[in-house]
2 protein chains.
Amino acid sequence: MQISSRFTIAIHIFSCINTFEGEYKITSYFLASSIQVNPVIIRKLLGQLKEAGLIEVKRGSGGASLAKAPSEINLLDVFNAVESLDDGKLFHFHENPNPDCPVGRSVHPVLDGRLEQIQRAMEKEMQSISLEDIFKDTNKYLEQNSHS
Amino acid sequence: MQISSRFTIAIHIFSCINTFEGEYKITSYFLASSIQVNPVIIRKLLGQLKEAGLIEVKRGSGGASLAKAPSEINLLDVFNAVESLDDGKLFHFHENPNPDCPVGRSVHPVLDGRLEQIQRAMEKEMQSISLEDIFKDTNKYLEQNSHS
DNA sequence: CTTTGTTGTAACCTTTCTTGTTACAACTAT
DNA sequence: ATAGTTGTAACAAGAAAGGTTACAACAAAG
């Protein structure tokens, strides 16, 4: 199964804050129209990102903004904020290997470390990409594709 | 969302073949009792592993065996055999970013490469682990935990 | 050539998760 | 007070995982 679109939507949210902050108020409706999903989906995501200390959201008057510098937020922070992995584990292990079978007994001790190793490789790569990187790429793309 | 247990079950299947080949006939019932899931689940997985050219399964008489040397099969092969990612992509991208919004327009060109980069890191790590490695670890574990 | 054990597959079910939707109380600035 | 928001509850549809029963097709052995 694929990782849910909450991750890419969250990054889209950050990009909108970066590009439109000051110019527009970044409300759930504004974001919903750029991402083209329901505003309530956005609000739930904003809640998760706020919970994780990545953004601030104003009640009543409305509007989202960054809680940290873009260089201080990496894609793993975003991923962990919106993608709740059961027990923090990327891989779902079958629940009841038979302890009366040698293989059933050894499969956890043998595999757990390997699965962690794979997950860490993914997480390390996510960690190496900051929102600053994404924002730079976005700005570059927009410059190149705006003048004539 | 977590990656389905088909992956760890598949590795468990291979370990059983390694440990019990010759001694027992590796049927879906035998595997089901070690893994403690329904035999039909196993048969579907055996079908996927066979389809991918990783194992051979005897109809009628029954029994599964490796189609290649353990050193020739790595965890990415197993993962790809049993985990059908939509379009081969680990991350599900939100479907309809608004092309009339600068951010909506740039989010795909900016992110696609990054997501691929993250997925490749995971795949590379999977590729670096062969069934031979797993089998060695299993044998070592079983030796250490058998003689008093 | 019948029996037995097995695979391959269809059909169905339950749970869980994602995504989408409406509704509305609580809140804040004007 | 009003208007525009957020936060949340409640619900629904769809997909996927995991489970289960049933059975035809098959292969080896008596």
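Going by the structure above, here's the rest.
Residues numbered from 1 in each chain as written. Chains lettered and ligands numbered in written order. Predicted model: local features only at pLDDT ≥ 70, side-chain atom pairs only at ≥ 80, totals over all residues. Heavy atoms only, no water.

A.B. asks: What is the right way to read the relation of the copies chain B and chain A from this model?
C.D. replies: The relation between the two chain copies is a rotation about an axis coupled with a shift along that axis. Mapping chain B onto chain A leaves a residual RMSD of 0.1 Å; the transformation is a rotation of 180° accompanied by 0.0 Å of translation along its axis. Seen this way, the second copy is the image of the first under a two-fold rotation axis. Within chain B, M122(B) has its C-alpha nearest the rotation axis, a separation of 2.5 Å. Taken together, the interface assignments show that 100% of the residues at the interface of chain B recur at the interface of chain A, consistent with an identical surface on both copies. (Least-squares fit on C-alpha atoms with pLDDT ≥ 70 in both. Contact = heavy atoms within 4.5 Å.)

A.B. asks: Mind showing me how you'd approach the packing of helix α5 (residues 102-127) of chain A against helix α5 (residues 102-127) of chain B here?
C.D. replies: When two helices pack together, their arrangement is given by the angle between their axes and by how far apart the axes lie. Across the interface, α5(A) lies against α5(B) with an axial gap of 8 Å and an inter-helix angle of 155°. If you check the angle between α5(A) and α5(B), you find them roughly antiparallel. In the crossing of α5(A) with α5(B), the sense of the turn from one axis to the other is right-handed. Residues Q117(A), I118(A), A121(A), M122(A), E125(A) and M126(A) of α5(A) pack against Q117(B), I118(B), A121(B), M122(B), E125(B) and M126(B) of α5(B). Residues of the contact of α5(A) with α5(B), tallied by class, amount to eight nonpolar, two polar and two charged. (Axes fitted to C-alpha atoms, helices over the stretch in contact; angles between N-to-C directions. Helix = DSSP H or I, 4+ residues; strand = E, 2+ residues; numbered from the N terminus. Parallel < 35°, antiparallel > 145°, perpendicular 65-115°, else oblique. Left-handed = near helix turned anticlockwise from the far one by under 90°. Nonpolar A, V, L, I, M, F, W, Y, C, P; charged D, E, K, R; others polar.)

A.B. asks: Whenever I open this one, the packing of aromatic side chains confuses me. Can you help?
C.D. replies: A ring pair, where both rings are aromatic, is described by two values, the distance of the centres and the angle of the planes. All chains considered together, the criterion is met by 10 aromatic pairs over all chains. Each ring, one from F20(A) and one from Y24(A), has its centre 5.7 Å from the other, and the planes form 70°; the classification is edge-to-face. Relative accessible area serves as the criterion here: at 6%, F20(A) is assigned to the buried category. For Y24(A), a relative accessible area of 44% corresponds to the partly exposed category. Judged by centre distance (5.2 Å) and plane angle (80°), the rings of F20(B) and F30(B) are edge-to-face. Separated by 10 residues along the polypeptide, F20(B) in helix α1 (residues 6-20) and F30(B) in helix α2 (residues 28-35) bring together distant segments of the chain. In this structure, F20(B) and F30(B) share a single accessibility class: buried. An aromatic cluster of three or more residues is present, and its members are F7(A), F79(A) and F91(B). (Phe/Tyr/Trp six-rings, centres within 6.5 Å; stacked < 30°, edge-to-face > 60°. Buried < 20%, exposed > 50% of the residue type's maximum accessible area, 1.4 Å probe, protein only.)

A.B. asks: Please explain the protein's contact with DNA strand D as it appears in this structure.
C.D. replies: Residues in contact with DNA strand D amount to 27 residues; listed here are only the nearest, S28(A), R43(A), K50(A), R59(A) and G60(A). Of what DNA strand D places within 4 Å of the protein, 57% of the atoms are sugar or phosphate. Within the side chain of K50(A), a nitrogen or oxygen atom sits 2.6 Å from a phosphate oxygen of DNA strand D. A distance of 2.9 Å separates a phosphate oxygen of DNA strand D from a polar atom in the side chain of S5(B). Broken down by secondary-structure element, the contributors of at least two residues to the surface near DNA strand D are α2 (28-35) and α3 (39-51) of chain A together with α3 (39-51) of chain B. A class-by-class count of the residues in the surface near DNA strand D yields seven nonpolar, 11 polar and nine charged. (Near = heavy atom within 4 Å. Polar contact = N/O pair within 3.5 Å; in protein donor to acceptor, adjacent residues only side chain to side chain.)

A.B. asks: Would you take a moment to explain the protein's contact with DNA strand C for this structure?
C.D. replies: The full set close to DNA strand C counts 29 residues, and S5(A), S28(B), R43(B), K50(B) and G60(B) are the nearest of them. Take the atoms of DNA strand C that sit within 4 Å of the protein: sugar and phosphate atoms are 59% of them. Between DNA strand C and the protein, one listed contact pairs a base oxygen with a side-chain N or O atom of R59(B) at 2.9 Å. Here the surface near DNA strand C is composed, by residue class, of seven nonpolar, 12 polar and 10 charged.

A.B. asks: Explanation requested: the side chain of H12(B) in the structure shown.
C.D. replies: Residue placement: H12(B) occurs in helix α1. Overall, the relative accessible area of 0% leaves H12(B) in the buried class. A distance of 2.9 Å separates the side chain of H12(B) from the side chain of H94(A), its partner in a polar contact. When near neighbours in sequence (up to four residues on either side) are disregarded, H12(B) contacts H94(A), P97(A), V103(A), G104(A), V107(A), S34(B) and I35(B).

A.B. asks: Any chance you could explain the state of the cysteines here in plain terms?
C.D. replies: By definition, a disulfide links the sulfur atoms of two cysteines through a covalent bond. According to the stated counting rule, one finds zero disulfides over all chains in the structure shown. Here C16(A) is not cross-linked by a disulfide; its sulfur's nearest cysteine counterpart is in C101(B), at 5.0 Å. Judged by relative accessible area, C16(A) falls into the buried class, the value being 0%. (Disulfide = S-S within 2.5 Å.)

A.B. asks: Please clarify how the interface of chain B and chain A should be interpreted in this entry.
C.D. replies: Quite often, the size of an interface is put as the accessible area lost when its parts meet. On the side of chain A, 59 residues touch chain B, which itself brings 59 residues to the contact. Interface area for chain B against chain A, summed over the two sides, is near 5,200 Å², with a carbon-plus-sulfur share of 68%. Among the residues of chain B in contact with chain A, M1(B), Q2(B) and H94(B) are the three that bury the most area, contributing 14% of the side total. In this structure, the connection of chain B to chain A is made through two salt bridges. For D137(B), the salt bridge goes to R114(A), with nearest N and O atoms at 3.1 Å. If you look at where chain B meets chain A, you find 24 residue pairs in polar contact (both at pLDDT 80 or more). Of all the secondary structure elements, the ones that give two or more residues to the side of chain B that touches chain A are α1, α2, α4 (75-82), α5 and α6 (131-144) of chain B. Looking at which element gives the most residues to the side of chain B that touches chain A, the answer is α5(B), with 17 residues. Looking at the side of chain B that touches chain A, its residues break down into 32 nonpolar, 19 polar and eight charged. (Buried area = accessible area lost by both parts, 1.4 Å probe. Salt bridge = Lys/Arg side-chain N within 4 Å of Asp/Glu carboxyl O.)

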